[in-house]
Amino acid sequence: MSRRVAVTGIGLICAVGNTSAETWSNLLAGKSGVSPISSFDTTGFACTIAAEVKNFDPLNFIERKEVKKMGRFIHLCMAAADEAIKMSKLEITPEIAERVGVHIGSGIGGFDIIEREHSNLLSGGPRKISPFFIPAAIINLAAGHVSIRYGAKGPNEATATACTTSAHSIGDAFKIIARGAADVMIAGGTEAAITPMGVGGFAAMRALSTRNDNPGHASRPFDKDRDGFVIGEGAGILMLEDLDFARKRGAPIFAEIIGYGMSADAYHITQPAEEGEGGYRVMMAALKDAHVSPEQVDYINAHGTSTPLGDVLETKAIKRAFGAHAKNGLAVSSTKSMTGHLLGGAGGLEAGITVLALHDQAVPPTINLDEPDAECDLDYVPNHSRRANLNIALTNSFGFGGTNGSLIFKRWME
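Residues numbered from 1 in each chain as written. Predicted model: local features only at pLDDT ≥ 70, side-chain atom pairs only at ≥ 80, totals over all residues. Heavy atoms only, no water.

Student: Describe the side chain of S166, with residues and values.
Tutor: Looking at the secondary structure, you find S166 in helix α7 (residues 165-178). Within the local environment of S166, its side chain forms a polar contact with the backbone oxygen of G344, the two atoms lying 2.8 Å apart. Beyond its immediate chain neighbours, meaning those up to four positions away, S166 contacts G188, G189, G344, G345, A346, G347 and G348. (Helix = DSSP H or I, 4+ residues; strand = E, 2+ residues; numbered from the N terminus. Polar contact = N/O pair within 3.5 Å; in protein donor to acceptor, adjacent residues only side chain to side chain. Contact = heavy atoms within 4.5 Å.)

As structure tokens, this is what we get:
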């Protein structure tokens, strides 16, 4: 029999908050974190806006000599992991270290480091490349640094499945505990791709919003005037624990994770499958894993990126999976309307938000939803948060290459 898994800590950092409490408060208030890009000169760029993390000093979390050994995606991860671990009140002692693991991924990793060191190569030759270049940039070093800092000697993995990365990381960590291979997993994702190549690359695909003159209204999932996503940065980390282990040590419990689904569209490198077929199957897989019916789900934190095609197909997938319930009592919202799209970090951030929704019994809104697309006809909690009786909630993540993940959480009641 598989073991039950609790969420005992939440670490969030994104454009609307540098902690989970600040993030949650600003989401409920409907505050946008999108603004003109400040980290580089955007002259000549089609898109000049993003959801940047502001007022962040890595020295608050990392020793000065270590900072230069890490890309920004690792800096953000360390901040979120620090909050999640402290919130859980877990001390990772030598006695339990081998039963504590880390599963943290990133979709892109150290773009900032790659760009900087490539510039050094071109300007000064190979001798100008930093000896810290590779470990500062590669994706698994986020998990590696967390493991090293806290002495977690259990399973250590890093996923890279585009925008589904951290949903997969959390889901896989859930299953590691459920099958008994660890008692605790520090799980989630991180991303820091607001760089010239990151923004320029997505803009070249015409995937980004170009509402540069009105950044706070640029990310508008499900609205008829949406014109693309807004790139964001940040990290979302959850502390997952075997429920018996958590209860025995008196840990705070914020929710229980009860279901995980995966699917592949097998269709196109960037476009979702027709009629949202892959999204439908991944939600059905998560419901089956959780042993709950569609009618039992109270809230969905949607992938909802604000792209013309993606929002329609996710809506169709939800309607197919949830039937009449999709229009009768099911709240759906996209917090990317405020945080932007964290790419590989999105699923971790949104899993944390989903847990907070259950814990606080409140649904964050989809802001900038002024006139819904005719094909987007669900209850998207437009523009204002609401109190709600939430027992079970689902969160979706869909990524390039047709990779999908859904997580289901249940309200914790002793």
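There's more to say after this.
Student: Report on the nonpolar core, specifying residues and quantitative values.
Tutor: Counting 43 residues, the largest nonpolar core has I10, I170, L238, L240, I257, L407 and F409 as its most contacted members. Each residue touching L407, except ones within four places of it in the same chain, is listed here: A167, I170, G171, I257, G259, Y260, A351, A393, L394 and T395. (Core = buried A, V, L, I, M, F, W, Y, C linked by side-chain atoms within 4.5 Å. Buried < 20%, exposed > 50% of the residue type's maximum accessible area, 1.4 Å probe, protein only.)

Student: Can you lay out the pairing of strand β1 (residues 5-13) for me, pointing to particular residues and giving the numbers?
Tutor: Most of β1 is tucked away: 9 of the 9 residues are buried. Bridge analysis of β1 against strand β7 (residues 234-242) gives 8 bridges, and the strand direction is antiparallel. Counted as the bridge partner of I13 is A235 from β7. (Pairing = 2+ DSSP bridges.)

Student: Help me get a handle on the packing of aromatic side chains, residues and values and all.
Tutor: Going through the model one piece at a time under the given rule, you end up with 5 aromatic pairs. Considering the side-chain rings of F222 and Y380, the 4.0 Å spacing of their centres and the 10° angle between planes classify their relative orientation as stacked. Note that F222 is positioned in the loop between α8 (196-204) and β7 and Y380 in the loop between β11 (362-363) and β12 (386-387), a separation of 158 residues in sequence. Like Y380, F222 is buried. An aromatic cluster is defined as three or more aromatic residues linked by ring pairs; in this entry it consists of F202, F229 and F400. Over the ring of Y280 we find R320, and its NZ or CZ is 3.8 Å from the ring centre. (Phe/Tyr/Trp six-rings, centres within 6.5 Å; stacked < 30°, edge-to-face > 60°. Lys NZ or Arg CZ within 6 Å of the ring centre and 35° of its normal.)

Student: For helix α1 (residues 20-28), give the residues involved together with the corresponding values.
Tutor: All buried positions along α1 are accounted for by S20, T23, W24, N26 and L27. On its buried face, α1 sits against β1, α3 (72-88), α12 (336-339), α13 (346-360) and β11. At the exit of α1 stands G30, carrying a positive phi of roughly 70°.

Student: Kindly report on the sheet that holds strand β9 (residues 299-301), identifying the contributing residues and their values.
Tutor: The strand order β5-β4-β6-β7-β1-β8-β14-β13-β9-β10 describes an open sheet built from 10 strands, whose pairing is mixed. In this open sheet, the two strands that pair with only one neighbour each are β5 (156-157) and β10 (331-333). As paired strands, strand β8 (residues 255-264) and strand β14 (residues 403-411) are joined by 9 bridges and run antiparallel to one another. The residue bridging S263 from the neighbouring strand is N404, located in β14. In the packing of α3 onto the sheet, the strands contacted are β1, β4 (100-105), β6 (184-191) and β7, and the crossing angle to β1 comes to about 135°. (Axes fitted to C-alpha atoms, helices over the stretch in contact; angles between N-to-C directions.)

In short, shape yes, function no, at least from these values alone.
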